[in-house]
Amino acid sequence: AQSVTQLDSHVSVSEGTPVLLRCNYSSSYSPSLFWYVQHPNKGLQLLLKYTSAATLVKGINGFEAEFKKSETSFHLTKPSAHMSDAAEYFCVVSDEGNTGKLIFGQGTTLQVKP
Amino acid sequence: DSGVTQTPKHLITATGQRVTLRCSPRSGDLSVYWYQQSLDQGLQFLIQYYNGEERAKGNILERFSAQQFPDLHSELNLSSLELGDSALYFCASSVSPASGEQYFGPGTRLTVT
């Protein structure tokens, strides 16, 4: 069965420094992987997706993620954090089969300090 | 704004009661998904519909049911409510199950007292 593990429940960075949010996945096939962001009291917004094309995926707001099959990882990065990046981030894998069901990680809270 | 709408935004009700949550998908999307977000369980898939038919079920309790209507909007019915049903309920939509990304509504926050 597919699953994702977000390795950090909480990450704190200073504004202007790089962001790294770590995610490992488990899948018996070539998965579709996503990162979603949830700002306080808001819905979930798609940041980026990987669907077996380029392994380096660029998303919105300067975020990108690299799919590494050998490490079963899909870490999210951003070169320079902004205060507005403070939010909850979810690594997500699409279930196998044709349901489109999404399986979410437990989430990582990103704190950005001035 | 994702284009997915959910009503109501907030709902406060008592144990044992029944509520209906409503979702309108993005224009052109045929698939609707329901998710529950709670502090102890995180974000969990409940159920999926595609063009009016149930396609997949997740961790949905028997007290919960859903349907998708001909105009493609969907309703999630929660009955015999318990305190533990208090959560944020999200609806998402996509063009088809295989299209990959889903677009989420703002959610309905249910509080059972």
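Residues numbered from 1 in each chain as written. Chains lettered and ligands numbered in written order. Predicted model: local features only at pLDDT ≥ 70, side-chain atom pairs only at ≥ 80, totals over all residues. Heavy atoms only, no water.

Participant: It is not clear to me how the side chain of S31 of chain B should be interpreted in this structure. Could you clarify?
Facilitator: Residue and element names in this part refer to chain B. Looking at where S31 falls in the secondary structure, it is placed in strand β4 (residues 31-38). Judged by relative accessible area, S31 falls into the buried class, the value being 0%. Engagement of the side chain of S31 in a polar contact is seen with the side chain of Q48, the distance being 3.4 Å. (Helix = DSSP H or I, 4+ residues; strand = E, 2+ residues; numbered from the N terminus. Buried < 20%, exposed > 50% of the residue type's maximum accessible area, 1.4 Å probe, protein only. Polar contact = N/O pair within 3.5 Å; in protein donor to acceptor, adjacent residues only side chain to side chain.)

Participant: Quick question: what am I supposed to make of the interface of chain B and chain A here?
Facilitator: Buried accessible area, meaning the area lost when the parts come together, often serves as the stated size of an interface. Contacts between chain B and chain A engage 21 residues on the former and 16 residues on the latter. Of the roughly 1,500 Å² buried where chain B meets chain A, counting both sides, 57% is carbon and sulfur surface. Area buried by chain B at its contact with chain A is led by L43, E101 and F104 of chain B, which between them contribute 33% of it. Our enumeration of links across chain B and chain A arrives at one salt bridge. Measuring nitrogen to oxygen at the nearest pair gives 2.5 Å for the salt bridge that ties K49 of chain A to E101 of chain B. Here chain B and chain A share four residue pairs in polar contact (both at pLDDT 80 or more) between them. (Contact = heavy atoms within 4.5 Å. Buried area = accessible area lost by both parts, 1.4 Å probe. Salt bridge = Lys/Arg side-chain N within 4 Å of Asp/Glu carboxyl O.)

Participant: Quick question: what am I supposed to make of the confidence of the model for chain A here?
Facilitator: Any region with low pLDDT has predicted coordinates that should not be read closely. Per-residue confidence for chain A gives a mean pLDDT of 92, with 99% of residues at or over 70. Mean pLDDT across the elements of chain A bottoms out in strand β11 (residues 102-104) of chain A (91) and peaks in strand β3 (residues 19-21) of chain A (98). (pLDDT = per-residue confidence, 0-100.)

Participant: Help me understand the packing of aromatic side chains, please; the structure alone is not making it clear to me.
Facilitator: Remark: the centre distance and the inter-plane angle together describe each pair of aromatic rings, the angle taken between the planes. Residue and element names in this part refer to chain B. This model, assessed by the stated rule, comprises 14 aromatic pairs over all chains. Relative to F45, the ring of Y35 lies with its centre 5.7 Å away and its plane at 65°, an arrangement referred to as edge-to-face. With Y35 in strand β4 and F45 in strand β5 (residues 42-50), the pair connects residues that are 10 residues apart, well separated along the chain. Residue Y35 is classed as buried on the basis of its relative accessible area, which comes to 0%. With relative accessibility at 4%, the residue F45 sits in the buried group. For the cation-ring pair, R26 lies above Y103, with the distance from its terminal atom to the ring centre recorded as 3.8 Å. (Phe/Tyr/Trp six-rings, centres within 6.5 Å; stacked < 30°, edge-to-face > 60°. Lys NZ or Arg CZ within 6 Å of the ring centre and 35° of its normal.)

Participant: For this particular structure, what's the right way to read the pattern of salt bridges?
Facilitator: Side chains that differ in charge, positive against negative, can pair when their charged atoms come close. In total, this model carries seven salt bridges over all chains according to the counting rule given. Put simply, K78 of chain A and D85 of chain A hold a salt bridge, and the shortest N to O gap is 2.8 Å. A relative accessible area of 7% means that K78 of chain A is categorised as buried. Residues R26 of chain B and D29 of chain B are paired through a salt bridge, measuring 2.8 Å at the closest nitrogen-oxygen approach. The exposure class assigned to R26 of chain B is partly exposed, which follows from its relative accessible area of 24%.

Participant: What is the right way to look at the sheet that holds strand β8 (residues 74-78) of chain B in this model?
Facilitator: Strands belonging to one sheet form pairs held by backbone hydrogen bonds; the direction of such a pair is parallel or antiparallel. All names here are of chain B. Strands sit in the order β1-β3-β8-β7 across an open sheet of four strands; the sheet is antiparallel. Strands at the two margins of the open sheet, each flanked by one partner only, are β1 (5-7) and β7 (64-68). Ignoring strand direction, the axes of neighbouring strands in this sheet form an average angle of 15°. As defined by bridge partners, β1 adjoins strand β3 (residues 19-24) across three bridges and the pair is classed as antiparallel. Counted as the bridge partner of Q6 is C23 from β3. (Pairing = 2+ DSSP bridges. Axes fitted to C-alpha atoms, helices over the stretch in contact; angles between N-to-C directions.)

Participant: Looking at this structure, I do not really get the state of the cysteines. What am I missing?
Facilitator: Throughout this description, disulfide means a covalent bond between two cysteine sulfur atoms. Residue and element names in this part refer to chain B. The final tally for this structure, using the stated rule, is two disulfides over all chains. For C23, the disulfide goes to C91, at an S-S distance of 1.8 Å. Around the S-S axis, the bridge from C23 to C91 shows a dihedral of about -50° and counts as left-handed. With C23 in strand β3 and C91 in strand β9 (residues 87-94), this pair connects stretches of sequence that are 68 residues apart. Accessibility classification places C23 together with C91 in one group, the buried group. (Disulfide = S-S within 2.5 Å.)

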